[in-house]
Amino acid sequence: MSAAGSRASTAPRDDTEMRRAVLEAALPRLAVDGFTDKTLNYGGATANVDAPTLQRLFPNGGQDLADAFSEWADDQMDATLKNTPLSEMKIRERIKAAVNARIAALRPHKDAARRAGAFLTLPQNATVALKVLYRSVDRMWRAAGDTSTDFNFYTKRIILAGVYSSTLLRWFTDDSEDEKATFEFLDARIENVMQFEKFKAEVNDQLSKFPSLTEILSRLSGRHPSE
């Protein structure tokens, strides 16, 4: 091996690389041992990360491991979506593609995903559960081309969080080979959202035809609104 090759193989890894290496080494054990110190220690030993460094990278133990697992799935989703012609799709198809890509990333590790779901429902893990869910739906919307910066930025993510999390729960219990029930469920949830958006637009259109509060008060007082 050349000197350059030797240096490359022994080059120090940064924290991001080590964290990912631990997670990937731990993946086969997540379904069996869950998000525990046992799994984390196994991942650290397999990835050649010493105990002090492992503690520094995962100070909250299983919570940080669940965070790393979710981020890994988000990255897999993003890689898939970059090769998907999203710009040619309607918005509902973009969102559907994003949710499908996220589930596809988890599919080879479905039992681990179930363990993650159960782990994140524990009361003490509520903060990290909200963090990883928000990060996932935010990345879905960004991949779909969302550029909103107003109140819609938050409402879109809240709505998608409901669609994605409910679909994920349906997927956990769907052991059929084609997972048809899951994707029918997803289609129905997206249709519900689109109907709501249509209803909201109709309401806003109707409300725009009504006089403003200032105009109503001015009429009652007999004054012109500009006075």
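Residue numbers here run from 1 along each chain, matching the order of that chain's written sequence. Two thresholds apply to this predicted model, a pLDDT of at least 70 for residue-level local features and 80 or more for giving and counting side-chain atom pairs, whereas whole-chain, interface and lining totals are computed over all residues. Neither water nor hydrogens contribute to the side-chain values; these are computed over all heavy atoms in the structure.

### What to know about helix H8 (residues 126–143)
Here H8 spans 26 Å end to end across 18 residues, near enough to the 26 Å set by a 1.5 Å rise per residue. Each residue is assigned to one of three classes by its accessible area relative to the maximum for its type, calculated with a 1.4 Å probe on protein chains only: buried under 20%, partly exposed between the two thresholds, exposed over 50%. The helix count covers DSSP runs of H or I at least four residues long, the strand count covers runs of E at least two residues long, and both are numbered beginning at the N terminus. Buried residues of H8: Val 128, Ala 129, Val 132, Arg 135, Ser 136, Val 137, Asp 138, Arg 139, Met 140 and Trp 141, and no others. Between two residues, a contact is recorded if the distance between any of their heavy atoms is within 4.5 Å. Looking at the packing, one finds that the buried side of H8 touches helix H5 (62–82), helix H6 (91–106), helix H7 (110–120) and helix H9 (151–172). An expected span of 1.5 Å times one less than the residue number is assigned to each helix.

### Side note on the packing of helix H2 (residues 15–33) against H5
Geometry is summarised by axes, namely lines fitted to C-alpha atoms with helices restricted to the contacting stretch, and by angles between N-to-C directions that run from 0 to 180 degrees. Across the interface, H2 lies against H5 with an axial gap of 10 Å and an inter-helix angle of 100 degrees. Accordingly, the angle class assigned to the pair H2 and H5 is roughly perpendicular. Only Asp 64, Leu 65, Asp 67, Ala 68, Phe 69, Glu 71, Trp 72 and Asp 75 of H5 make contact with H2, whose side of the interface consists of Arg 19, Arg 20, Leu 23, Glu 24, Leu 27 and Leu 30. Side-chain classes are defined by residue name, with Ala, Val, Leu, Ile, Met, Phe, Trp, Tyr, Cys and Pro counting as nonpolar, Asp, Glu, Lys and Arg as charged, and the others, Gly among them, as polar. Partitioning the contact of H2 with H5 into residue classes produces seven nonpolar, no polar and seven charged. These descriptions rest on fixed angle ranges, namely under 35 degrees for roughly parallel, over 145 for roughly antiparallel, 65 to 115 for roughly perpendicular, and the rest for oblique.

### Observations concerning the confidence of the model for the chain
The pLDDT score gives, residue by residue, the confidence of the prediction method on a 0 to 100 scale. The share of residues in the chain with pLDDT of 70 or more is 80%, and the mean pLDDT across the chain is 86. Averaged pLDDT values over the elements of the chain bottom out at 42 in helix H1 (residues 3–10) and peak at 98 in H5. Ignoring residues within four places in sequence, the model shows residues 1–10, a span with pLDDT below 50, making two contacts including any to other chains.

### Side note on the layout of surface pockets
When its volume is computed, the largest pocket comes out at roughly 450 Å³. Lining residues are defined by having an atom within 4 Å of a point belonging to a cavity or pocket. Those points lie on a 1 Å grid over the protein atoms alone, cavities being sets where a 1.4 Å probe fits but cannot get out and pockets being open sets with protein on both sides within 12 Å along at least five of seven lines. As for the largest pocket, its lining consists of 21 residues, of which Ala 116, Gly 117, Leu 120, Val 132 and Leu 168 are closest to the centre. When residues of the lining of the largest pocket are traced back to their parent elements, those giving at least two are H5, H6, H7, H8 and H9. With six residues, H7 is the largest single contributor of residues to the lining of the largest pocket. Of the residues assigned to the lining of the largest pocket, the class counts are 14 nonpolar, five polar and two charged. Grid points are joined across faces, edges and corners, and a volume is the space filled by probe spheres set on the points.

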